[in-house]
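Structure at a glance
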Amino acid sequence: MTPLARLLALPIRAYRLILSPWIGFNCRYQPTCSAYALEALEKHGAIRGGWIAAKRILRCNPWGGCGYDPVPDPKDKAPDA
């Protein structure tokens, strides 16, 4: 994980440690939004992973979807020959 991605992961880890136990487990998706965000940051880095996590959080609303929603795999820039 890049240093910027680690920095972005700190508030997510703090949320999971401090706020999540008080709020309860009410996530509509599997994996939870915080786990999704951490995985997106790890797989895609700070910029793209942060964007993917933000889009997921915006989908997490009463009119959004629900169910299994995995983090997309990174796309290779050059195919192996």
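The protein chain goes by Putative membrane protein insertion efficiency factor in an unreviewed UniProt entry, where it is assigned to Rhodovulum euryhalinum. Regarding the protein chain, the UniProt comment filed under Sequence similarities (unreviewed entry) reads as follows: "Belongs to the UPF0161 family." Under the Subcellular location (unreviewed entry) heading, UniProt states for the protein chain: "Cell membrane".

1. Comments concerning the overall build of the protein chain
Within the protein chain one finds 3 helices and 2 strands. Taking all 81 residues of the protein chain together, the buried fraction comes to 27%. Counted over contacts in the protein chain with a minimum sequence separation of 6, partners at least 24 positions apart contribute 70%. In the form shown here, the protein chain has an accessible surface area of approximately 6,100 Å², with 64% of it arising from carbon and sulfur atoms. The protein chain carries 11 positive and 6 negative side-chain charges, and their two centres are separated by 9 Å.

2. Things to note about helix H1 (residues 3–23)
Relative to the 30 Å expected for 21 residues at 1.5 Å per residue, H1 spans 29 Å between its end C-alpha atoms, a close match to the ideal helical length. Of all bends in H1, the biggest is about 40°, found at Arg16. Buried within H1 we find Ala5, Ala9, Ile12 and Ser20. Looking at the packing, one finds that the buried side of H1 touches helix H2 (33–44) and helix H3 (46–59). The first or second residue beyond H1 is Gly24, which carries a positive phi of 105°.

Parameters at a glance
Residues numbered from 1 in each chain as written. Predicted model: local features only at pLDDT ≥ 70, side-chain atom pairs only at ≥ 80, totals over all residues. Heavy atoms only, no water. UniProt positions renumbered as here; feature names shortened; annotations may be inferred. Helix = DSSP H or I, 4+ residues; strand = E, 2+ residues; numbered from the N terminus. Buried < 20%, exposed > 50% of the residue type's maximum accessible area, 1.4 Å probe, protein only. Contact = heavy atoms within 4.5 Å. Areas by Shrake-Rupley, 256 points an atom, 1.4 Å probe, with all protein chains shown as cover. Lys, Arg positive; Asp, Glu negative; His and termini not counted. Charge placed at Lys NZ, Arg CZ, Asp CG, Glu CD. Expected span 1.5 Å × (residues − 1). Bend = angle between axes of the 7 residues up to and from the residue.

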